[in-house]
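Architecture at a glance
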Amino acid sequence: MLKQKIINRESGIITYGITPPKKNNTEEKIKEISQKHIERIKGLDIDGLVIYDLQDEKDRIAEDRPFPFMETVDPQTYSENYLNALKIPKIIYRSVGKYTPDEFIHLIRPVPGQDAFSVFVGAASRNQSVLLKLSDAYKISQDTNPDLVLGGVAIPERHMKNTDEHLRIIGKINKGCKYFITQAVYNVEAAKDFLSDYYYYSKNNNLAMVPIIFTLTPCGSTKTLEFMKWLGISIPRWLENDLMNSEDILNKSVSLSKSIFNELMEFCLEKGIPVGCNIESVSVRKVEIEAQLI
């Protein structure tokens, strides 16, 4: 049971991440897409389904977005109205900055007899105009729905520059976060640096560590690789070279992702850091989506 694994700070949590269909699709098309999601996911041995809440990140970077941003169906709406046949816990992402406080209160209100899971995401950059700050969203959550099983986002690559990602997540733990899902990981050294500082800070301050769920993202084309780099995913030069020069970039990517996670798992288990895995795809290509299921 996902809630118990999180509360007990267990290793081995496995989730699968999807993006809802584009909002401008017809009702018929949304139902068709949701049925494909159900068929792909229903047989998977996973603890939960992550449903993303996308935001436009144009303020984060000057370069043009490789794929145009298009608003998607609200993740909670998609979960309740289209994926009800999937009887697994749903982790609903919330890009909090695009909601007013009243809207946000309505979105996270408790539902009697139902466990709720969410991950709050802050602004993509300091320059982004927001309606609700992440710190205020945490406060609203505590006041409105203290039983919400709340998670946060961790970005190991950010640790390379500021060496304070572990302090960021400690701060979020103090505000109610009980687990973290990372941005897609391709830079294993950045991830291990972050984990090391997280471990020793927690040990030296007698703090209980919460699960860190690492996201693995298969890459099946140069276009997808370009988009991943635009998103801010750190891809070491040697690894990018291997992918770009591979005869089968998708299989190479899957193999590298497995190797990365195995290395992180070994590192975490040695130190007693609870660790899990979230598998996602940033592509709409069928072959890349199906690679998630390998």
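Residues numbered from 1 in each chain as written. Predicted model: local features only at pLDDT ≥ 70, side-chain atom pairs only at ≥ 80, totals over all residues. Heavy atoms only, no water.

A word on the overall build of the protein
Secondary structure assignment for the protein yields 12 helices and 8 strands. Here the protein holds 294 residues, and 50% of them are scored as buried. Carbon and sulfur atoms provide 49% of the accessible area of the protein, an area that totals close to 14,500 Å². (Helix = DSSP H or I, 4+ residues; strand = E, 2+ residues; numbered from the N terminus. Buried < 20%, exposed > 50% of the residue type's maximum accessible area, 1.4 Å probe, protein only. Areas by Shrake-Rupley, 256 points an atom, 1.4 Å probe, with all protein chains shown as cover.)

Things to note about the pairing of strand S8 (residues 275-279)
Judged by how many residues are buried, S8 sits mostly within the fold: 5 of 5 residues are covered. On S8, burial covers both faces: Val275, Cys277 and Ile279 on one face and Gly276 and Asn278 on the other are all buried. Across 3 bridges, strand S1 (residues 14-18) lies against S8 in parallel orientation. Across the sheet, residue Thr15 finds its bridge partner in S8, namely Asn278. Pairing of strand S7 (residues 212-216) with S8, which is carried by 5 bridges, proceeds in the parallel orientation. Bridge assignment links Ile213 to a residue of S8, and that residue is Gly276. (Pairing = 2+ DSSP bridges.)

Digging into helix H11 (residues 249-271)
Compared with an ideal rise of 1.5 Å per residue, which puts 23 residues at 33 Å, H11 spans 33 Å between its outermost C-alpha atoms and is within 8% of the ideal. Looking only at H11, the buried set comprises Ile249, Leu250, Ser253, Val254, Leu256, Ser257, Ile260, Phe261, Leu264, Phe267, Cys268 and Lys271. Positive phi appears at Gly272, one or two residues downstream of H11, with a value of about 75°. (Expected span 1.5 Å × (residues − 1).)

A word on the packing of helix H10 (residues 237-244) against H11
Following both chains from N to C, one finds H10 and H11 inclined at 145°, their axes separated by 8 Å at the closest point. Taken together, the residues of H11 that come into contact with H10 (itself represented by Trp238, Leu239, Asp242 and Leu243) are Ile249, Lys252, Ser253, Leu256 and Ile260. Residues of the contact of H10 with H11, tallied by class, amount to 6 nonpolar, 1 polar and 2 charged. (Axes fitted to C-alpha atoms, helices over the stretch in contact; angles between N-to-C directions. Contact = heavy atoms within 4.5 Å. Nonpolar A, V, L, I, M, F, W, Y, C, P; charged D, E, K, R; others polar.)

Notes on the confidence of the model for the protein
Taken over all residues, the pLDDT of the protein has a mean of 88, while the share at 70 or more is 89%. Low pLDDT, under 50, characterises residues 285-294; the predicted model gives this stretch 32 contacts beyond four residues in sequence or across chains. (pLDDT = per-residue confidence, 0-100.)

Focus: the side chain of Ser202
The residue Ser202 is located in helix H8 (residues 188-204) in this model. Judged by relative accessible area, which is 2%, Ser202 ranks as buried. Excluding residues that lie within four positions of it along the chain, Ser202 makes contacts with Ile170, Leu207 and Met209.

What about the sheet that holds strand S6 (residues 179-184)?
Strands pair in a sheet through their backbones, by hydrogen bonds, and they do so in one of two ways: parallel or antiparallel. As summarised here, the arrangement of the 8 strands in space is S1-S2-S3-S4-S5-S6-S7-S8, forming a closed barrel in which the pairing is parallel. Going across the sheet, the axis of each strand differs from the next one's by a mean of 30°, ignoring polarity. In this structure, S1 lies alongside strand S2 (residues 48-51), joined through 4 bridges in parallel fashion. For Thr15, the partnering residue across the bridge sits in S2 and is Gly48.

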